[in-house]
Structures are given as structure tokens and as C-alpha cells.
Amino acid sequence: MQLLYLGILLALSSFCSSLDNGLVRTPPMGWMTWERYRCNIDCKTDPQNCIGEKLIKDIADKMSDSGWRELGYVYISIDDCWSLKNRDSKGRLQPDPERFPSGIKALADYIHARGLKLGIYADLGTYTCGGYPGTTLDTIQIDAETFASWEVDMLKFDGCYSNSSEKALGYPKMSQALNATGRPILYSCSWPAYEGGLPPKVNYTLLGSICNMWRNYDDIQDSWDSVLSIMEWFAANQDILQSAAGPGRWNDPDMLITGDFGLSYEQSKSQLAIWAILAAPLIMSNDLRTISEEAKELLQNRLLIYIDQDSLGKQGKRVAKVNPLEVWMRELVDEQYAVAVLNKGTDGFPKRFFMSLADLNITKCALGYKVYDVFEQEFLGNVKPETQIQMNINPTGVFMLFVRPASNRFHPL
Ligand SMILES: *[C@@H]1O[C@H](CO)[C@@H](O)[C@H](O)[C@H]1NC(C)=O
Ligand SMILES: *[C@@H]1O[C@H](CO)[C@@H](O)[C@H](O)[C@H]1NC(C)=O
Ligand SMILES: *[C@@H]1O[C@H](CO)[C@@H](O)[C@H](O)[C@H]1NC(C)=O
Ligand SMILES: *[C@@H]1O[C@H](CO)[C@@H](O)[C@H](O)[C@H]1NC(C)=O
């Protein structure tokens, strides 16, 4: 019975074919400029924070010497506003020489020397969203070749200044052009976000076969409201989105803003918990040079990362709403589960909540289960499916459990 069940799971999870470049069998992790640094090109008065090689190298240094790389945070990605406003005499995109004096290839070398990977940004359209040269259908090939010649490892391909028919041609065409370079390049497509994120306008079967990840919905901003609206959209459309995701092909609810200005400690936990339930890419946009110890600890939580990076690659869902609480759950390999109880309330004292594993239909293991508190990184004990587990959940915070069969000897902490 157990074997049969596993067999069905395997069959289900391999049902959708994904972009065959061998990349991101688990969600990518790393860092990206956009949410925090936007289109700040003012290196004269803001040299620490402008989009340029100094910022990227500073962050690369931190990622390699402060424990980030070892945990899987390896992509460092430059978003919009890196290029000059014109192409060179051969029609190629070129970095702004004042902000990237060594060029992108040298920057890639610097990053590779630290065991990290470099991401870059382009936009399918006449201009990028920030007004820099776009990639039109006739420049897709030369741009893919340019990025490969610089030894870039990831491309975010945005969609400002093109219409739906151009996108329908351009996104697959860039996928083929990247493949033709022979260099495995993680391909992140903003396409669905420009088409409302849902069928029939978005074909997730097609998307999964040409892109490694994609933005489905609005850009994240540095606020709890923004995080809430993204969570709500992902929950409202979870059946469609769950089947779109899997190894090599991920929905992207956008960057992590832990360590920035807009989220409290509790809210940071909530974003991280729900992103891990969603099998989301963990791409930070913050300042690793000045990040607080508290925010760093949250982002470096091993159990949270273990959950996000689960090899089954199955996106979780919101399974219950008991206003103001919501229960979110993700099935992991080997009969393991992650459960997050979110308190959306903004009033009063921590909400008490009692729940058993049986309430979640986690009942298969006769010997019971081991449960862990993810954020306290603490083993809570062995429970039977019927055992009532008590949780106290702070306003705008979350209680996150990791659950595994009692017979499973491996200790995750
Ligand atoms: C290109 O696509 C082929 C066929 O899907 C695949 O086998 C190969 O690994 C891909 N190469 C790169 C560099 O993505
Ligand atoms: C999309 O843009 C292209 C190029 O500008 C144009 O030829 C085409 O008619 C447009 N299609 C739609 C549906 O607007
Ligand atoms: C979606 O794309 C796939 C793969 O290209 C194709 O087989 C399928 O017919 C498309 N579905 C719809 C509804 O257009
Ligand atoms: C548990 O199973 C019951 C009966 O099939 C179903 O109604 C309920 O939604 C399930 N609960 C969860 C959390 O999956």
C-alpha cells in the first residue's frame, strides 16, 4: 500500500514536463536588486546603494563569507537599469561603464570565484520598464548570445512595452535562444504577470516547458499590505498554481523583504513561512551589509530552508480559514508535512489555537509523528494523530510546524 502510494506520487509529480536545462530542481535561492535598490543610478551621491558593480561585489562578499552560500543562497541578480541607453555599434546591450567599469564578464568571474551565480535582467519590448533598451523579437538572439558570452547564469525577462502577441512569440523564442547558446541559464519569465496570471490567457503547461520560474502577480512592495495581497491571490488561485509548479518550474510570488523597513519581526516570519509553503524561490532584496542579526537568523533558518527546498517540489495550499486565522499546509517527501497557522488579526493578545494532525488528515503513521516548531527550531515531541497541539500565534504572525513520521530517524535540527 505504502509503495503503491509512493508510486502514484512519483507519477503525479513527473506528469508535467519542465524546461530541460537541468536547473533548479528545487526553488532557486539568492538575492536581487529590485525591491530594495530600484533604479537608483546615482553613484555620485549614493555610491553604496546605486546599481553598479560595487553593490553587487559587496553583496557577493557577504553571501560568501556570512553563511548564505552554504545554505543555498547562490544567485545574485541585477535587475533593471544596468545598461547604457543605447546598444553598441554591433547592436549589443552594454553596461553603463561608469557604474560597471570592469564589465559584466569580469563581474561574473568575481561572483563565480566565490561559488555564486550571476543573474541579469532584460525586457521583452521596445524598452525596459525603467526606460533602458528593450529586447525586441529581432534582438532576442544577440542578447541571449551576449549574456552567455558574459557567463551569466540567470535571466529575468520582463515584459514592459510589448503586447500579448509579441509576448507569445518572444518568451518561447528567448527560451530557445538561451538553449542554443549551450550555457545552462535559469530563465525567469514575467510573462504571466502581464496576462493576469490565470488561464485561459496563461498556459502553465507551455510556460513550464519553456521557463524555470515566473512571476504570476504584482510586484512586492516593502509593506505588510503587499505581502497580504500576494498571499491572498496565491490562495484564491491555488488549485491552478499548485499544478503549475514542480521541479524545474516554479511560481514566483516575488522577493523576500525580511531585513528591509516595512515588516515587523512577526510579519517577516509570516512571509517566510507562506513562501516556503508555496515552494517559492527565496530571493532576498535587502542589504546584507547592514542586516540585523534578527532578520539574518530568520532568513538563515535551516528548517525553513529544508521545507522550501523539499525534493517533492509540490506547492502547498491554504486548507482552512477560521477568521482571523488561516491554516496553510504543504506535503513533503516521505510522509512529511509543513503546516503554518497564520494570524491575520491586528488586535490584542496572541490567539490560542488547538489543532490535531488528524484535523489535517495526517493519520497514516500508526507510530505517530514527531513535530517541530520551525521558528523556535525546537523539537516539540511525539504526537498521535488525535493529539491536540496548542499554539499561541501573535498578531500578524505565524506558528509553523514541521511534521515527520515518528519512525523517521533523521534529525533535521
Ligand atoms: C537544450 O535543450 C535540450 C532539449 O530539451 C536539452 O537536452 C539541453 O540540456 C538544453 N541545453 C541547455 C544548455 O539548456
Ligand atoms: C503587437 O505589436 C506588433 C508590433 O508593434 C503589431 O504588429 C501587432 O499588430 C500588435 N498586436 C496587437 C494584438 O496589438
Ligand atoms: C497549452 O500549451 C500546451 C503545450 O504547448 C499545448 O499542448 C496545449 O494545447 C495548450 N493549452 C491550451 C488550452 O491552449
Ligand atoms: C480532510 O479530509 C476531509 C474529508 O475528505 C476533507 O473534507 C477536508 O477538507 C480535509 N482536510 C484537509 C486539511 O485536507
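Just so it is clear, the structure is predicted and the values come from calculations on it, not from any experiment. (Residues numbered from 1 in each chain as written. Chains lettered and ligands numbered in written order. Predicted model: local features only at pLDDT ≥ 70, side-chain atom pairs only at ≥ 80, totals over all residues. Heavy atoms only, no water.)

### Some remarks on helix H6 (residues 140-149)
Every α-helix carries 3.6 residues per turn, so stepping three or four residues along brings you back to the same face. Three or more residues of H6 are buried, namely Ile140, Asp143, Ala144, Thr146, Phe147 and Ala148. Turning to H6, the residues buried within the fold contact strand S3 (117-123), strand S4 (154-158) and helix H7 (164-181). Once H6 finishes, Glu151 follows within two positions and takes phi at roughly 65°, a positive value. (Buried < 20%, exposed > 50% of the residue type's maximum accessible area, 1.4 Å probe, protein only. Helix = DSSP H or I, 4+ residues; strand = E, 2+ residues; numbered from the N terminus. Contact = heavy atoms within 4.5 Å.)

### With respect to the nonpolar core
Residues Trp31, Tyr73, Trp82, Leu155, Tyr187, Trp275 and Met400 are the most contacted members of the largest nonpolar core, which totals 107 residues. Here the element with the most residues in this core is helix H10 (residues 224-236); it accounts for seven residues. Each of domain 1 (2-308) and domain 2 (317-405) contributes no fewer than three residues to this core. When residues no more than four places from it in sequence are discounted, the contact partners of Tyr73 are Met29, Gly30, Met63, Trp68, Leu116, Leu282, Met284, Leu299 and Ile305. Counting residues in each nonpolar core, the second largest holds 21 residues, with Val339, Phe353, Ile362 and Met391 among its members. (Core = buried A, V, L, I, M, F, W, Y, C linked by side-chain atoms within 4.5 Å. Domains from an automatic or database assignment.)

### Structural notes on unusual backbone geometry
Looking along the chain, the bond that leaves Pro199 and enters Pro200 is cis, with omega of 5°. Along the chain, Pro200 falls in the loop between helix H8 (191-194) and helix H9 (204-210). Here the phi dihedral of Glu151 falls at roughly 65°; this positive angle occurs in a residue that is not glycine. Inspection of the secondary structure puts Glu151 in the loop between H6 and S4. Under the relative-accessibility criterion, Glu151 is labelled partly exposed at 30%. With phi around 65°, Glu335 is a residue other than glycine that occupies positive phi space. Among the secondary structure elements, Glu335 is positioned in the loop between strand S10 (325-331) and strand S11 (337-343). Judged by relative accessible area, which is 10%, Glu335 ranks as buried.

### Thoughts on the side chain of Arg99
You can see Arg99 is positioned in the loop between strand S2 (75-77) and helix H5 (103-113). A polar contact of 2.7 Å, which involves the side chain of Arg99, links it to the backbone oxygen of Ile51. At 2.7 Å, the side chain of Arg99 forms a polar contact with the backbone oxygen of Cys81. If we ignore the near neighbours within four places in the chain, the residues touching Arg99 are Ile41, Cys43, Ile51, Gly52, Glu53, Cys81, Trp82, Ser83 and Tyr132. (Polar contact = N/O pair within 3.5 Å; in protein donor to acceptor, adjacent residues only side chain to side chain.)

### Digging into the domain arrangement of the protein
Assigned domains within the protein: domain 1 (2-308) and domain 2 (317-405). Taking the mean C-alpha position of each, domain 1 and domain 2 sit 30 Å from one another. Of the residues lining the interface, 31 residues belong to domain 1; the matching set on domain 2 comes to 29 residues. In total, domain 1 and domain 2 occlude about 2700 Å² of area from one another, counting both sides; carbon and sulfur atoms represent 61% of this. Our enumeration of links across domain 1 and domain 2 arrives at three salt bridges. One salt bridge in this structure joins Arg318 and Glu232, with 3.0 Å as the shortest N-O distance. Where domain 1 touches domain 2, the interface holds 13 residue pairs in polar contact (both at pLDDT 80 or more). Breaking the side of domain 1 that touches domain 2 down by element, the ones donating at least two residues are helix H1 (2-13), H10, helix H11 (238-244), helix H12 (265-277) and helix H14 (302-308). Per-element tally for the side of domain 1 that touches domain 2: the top contributor is H12, with nine residues. (Buried area = accessible area lost by both parts, 1.4 Å probe. Salt bridge = Lys/Arg side-chain N within 4 Å of Asp/Glu carboxyl O.)

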